[in-house]
Amino acid sequence: MSLLSLLSRELAALAAAGAAGVVGLEHRRGQGSGVVLSPDGYVLTNAHVARGGGGLRVRVPGGEGTPAELVGADARTDLAVVRTSRPAPPPLALADSGQVEVGQLVMAIGNPLGFDRSVSLGVVSALFRELPTRDGVLEGLIQTDAAVNPGHSGGPLLDMEGRVVGINTAMLAPGRGIGFAVPAHTASWVAAVLIQHGEVRRPYLGIRARGEDLAPALARETGQTRGIRVVGVEPGTPAAEGGLNGGDLLLAANASPVATLDDLARVLVLAGQASVLDVDVLRAGSRRRLALKPLPRAA
């Protein structure tokens, strides 16, 4: 058997296994896709899909649509969790998308334009993309050239092991072959918080910041390829009182490396009611640790 035939069989098996854990979501304004999180009916999708308006229904492969309730949604990451009372298909595993590499093969599965469980193949085109939305900026996105069309939203982007590395969230209408997915490591913690609390409450620091790639020499020095550049600090805020300055390069929070603003949000949210956030910053070539006291603030 040729290598191409073997590859074809592997891809077919991957598509079949992945599609089994993908459901359709329907509402008054249209439809989308979802990823089964657990057999008891929890489904991960996009916030813009779950909040589409009207009664929400989940359609499992080979079955009819059943009513679903919105468990919680987070516009900042365009993620939501819904639940149906009927048993769901086997769940798909969320991978550590921090291991995703540019150029690796990925597969998108969803329900574009009403065509159930459509499969497309492509590569990871880029990482850490930003995309402006009406709710802010989606950041840290995976860019792919696997076909992503209306209705793919909320469906999985799979690696070649069948693990979910991203949740398809958007496409650029003027361009072809430019789709975006929310990384699975973001989806994992946001889904857990939504199931537990119904919303994501982000504590307040009072900074303006952006994720950025580090120069090769600085990457070798710090041991990481990205950090968060503090653009500005609002006076009288926890960041200002803790000694954070504009221009600081934020490398870690509570000993966890941070590459994107979402990484910082994850540490803040999962720390819960902890009174102090320890941050490692690089300032004028010198690394130092600061203690910040975030304020609670609803999403």
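Consider a sheet: its strands pair through backbone hydrogen bonds, and that pairing is either parallel or antiparallel. What the six strands build is a closed barrel, ordered 1-2-3-6-5-4; its pairing is antiparallel. On average, each strand axis in the sheet is tilted by 40° relative to the strand beside it, whichever way the strands run. One ladder, built from three bridges, connects strand 4 (residues 57–59) with strand 5 (residues 65–74); its direction is antiparallel. Residue pairing in the sheet places arginine 59 in a bridge with glycine 65 of strand 5. In this fold helix 3 (residues 184–197) packs onto strand 3 (42–45), strand 5 and strand 6 (79–84), with an angle of close to 50° to the strand it touches most, strand 6.

Here we come to the sheet that holds strand 12 (residues 179–183). Strands sit in the order 7-8-9-12-11-10 around a closed barrel of six strands; the barrel is antiparallel. For this sheet, the mean inter-axis angle between neighbouring strands, taken without regard to orientation, is 50°. The sheet contact formed by strand 7 (residues 105–110) and strand 10 (residues 156–158) spans two bridges and is antiparallel. Following the sheet pairing, alanine 108 is matched in strand 10 by leucine 157. Where helix 1 (residues 3–20) meets the sheet, it contacts strand 7, strand 8 (118–133) and strand 10, and its direction lies at approximately 40° from that of strand 7.

Bringing a nonpolar patch on the surface into the picture now. A cluster of nonpolar residues, Met1, Leu3 and Leu6, forms a patch on the protein surface that exposes about 370 Å² of accessible area. By the secondary structure assignment, leucine 3 is in helix 1. For leucine 3, a relative accessible area of 74% corresponds to the exposed category.

Residue alternation in strand 3 divides its side chains into two sets, Tyr42 and Leu44 and Val43 and Thr45, and both sets are buried. Of the pairings in the sheet, the one linking strand 2 (residues 30–36) to strand 3 comprises two bridges and is antiparallel in character. Counterpart to valine 35 in the pairing with strand 3 is leucine 44. Count of turn residues in the strand 2/strand 3 antiparallel hairpin: five residues, of which glycine 41 carries a positive phi of about 105°. Relative to strand 6, strand 3 runs antiparallel, the two sharing four bridges. Paired with valine 43 across the strands is valine 82, a residue of strand 6.

Applying the stated criterion to the full structure yields 13 salt bridges. A salt bridge links glutamate 234 to arginine 208; the shortest N-O distance between them is 2.7 Å. Placement of glutamate 234 in the loop between strand 14 (226–233) and helix 5 (238–241) and of arginine 208 in strand 13 (residues 207–213) is noted, with a sequence separation of 26 residues between them. Given the relative accessible area of 33%, glutamate 234 is considered partly exposed. Since its relative accessible area comes to 44%, arginine 208 is described here as partly exposed. Between arginine 229 and glutamate 212 there is a salt bridge whose closest N-O contact spans 2.9 Å. Within this pair, whereas arginine 229 is found in strand 14, its partner glutamate 212 is found in strand 13, the two being separated by 17 residues in sequence. Residue class for glutamate 212 comes out buried when judged on its relative accessible area of 17%. Among the ionic contacts, a cluster of salt bridges with common partners joins Glu26, Arg59 and Asp116.

Definitions and limits used
Residues numbered from 1 in each chain as written. Predicted model: local features only at pLDDT ≥ 70, side-chain atom pairs only at ≥ 80, totals over all residues. Heavy atoms only, no water. Pairing = 2+ DSSP bridges. Helix = DSSP H or I, 4+ residues; strand = E, 2+ residues; numbered from the N terminus. Axes fitted to C-alpha atoms, helices over the stretch in contact; angles between N-to-C directions. Contact = heavy atoms within 4.5 Å. Patch = residues over 30% accessible without salt bridge, like charges linked within 9 Å, V, L, I, M, F, W, Y side chains within 5 Å. Areas by Shrake-Rupley, 256 points an atom, 1.4 Å probe, with all protein chains shown as cover. Salt bridge = Lys/Arg side-chain N within 4 Å of Asp/Glu carboxyl O. Buried < 20%, exposed > 50% of the residue type's maximum accessible area, 1.4 Å probe, protein only.

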